[in-house]
Amino acid sequence: MPQISKTNSYQTVITTFEMTPGTCQDLLEALTDAYAEFISKQPGFISAGLHVNDAQTRIANYSQWERRDDFLAMLRTPEMRERNRRINELCKSFEPVMYDVAETFGGS
């Protein structure tokens with residue numbers, strides 16, 4: 001489970017995918033399989049979550065890595081490059097962006 005905190009040194013990556021409702025489930029399955037079978041087993045992987053909007057036109061992916069280089073190394077592997085080609089076919093666009101946690105808020 002992702003731990004969101006200003007005090008950790010993790011690399012946070014938020015990726016948004018845009019697709020049609022007709023391809024949402026296929027894309028979600030491809031992403032779920034990628035995490036279960038490959039990404040979660042890569043060095044430096046900490047955690048991830050997948051979120052789908054009500055209209056099934058967007059998926060947001062939140063992932064955490066020990067270091068920026070761990071995430072970049074995973075992207076460069078032949079297996080992930082092949083998976084990303086398939087993912088690209090299922091969506092209009094996707095964009096991974098690296099973030100630093102600027103602030104957190106909690107409720108009671």
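The next subject is the packing of aromatic side chains. In total, this model carries four aromatic pairs according to the counting rule given. Residues Y35 and F45 carry aromatic rings whose centres are separated by 6.0 Å and whose planes lie at 50° to one another, so their mutual orientation is tilted. A residue pair is termed long-range when its members are at least 10 positions apart, and Y35 in helix α1 (residues 21-37) and F45 in strand β2 (residues 45-52) qualify at ten residues. In this structure, Y35 and F45 share a single accessibility class: buried.

To continue, consider the side chain of N84. Positionally, N84 belongs in helix α3 (residues 78-90). Apart from the residues lying within four places of it in its own chain, the contact partners of N84 are L75 and F94.

The rules we used
Residues numbered from 1 in each chain as written. Predicted model: local features only at pLDDT ≥ 70, side-chain atom pairs only at ≥ 80, totals over all residues. Heavy atoms only, no water. Phe/Tyr/Trp six-rings, centres within 6.5 Å; stacked < 30°, edge-to-face > 60°. Helix = DSSP H or I, 4+ residues; strand = E, 2+ residues; numbered from the N terminus. Buried < 20%, exposed > 50% of the residue type's maximum accessible area, 1.4 Å probe, protein only. Contact = heavy atoms within 4.5 Å.

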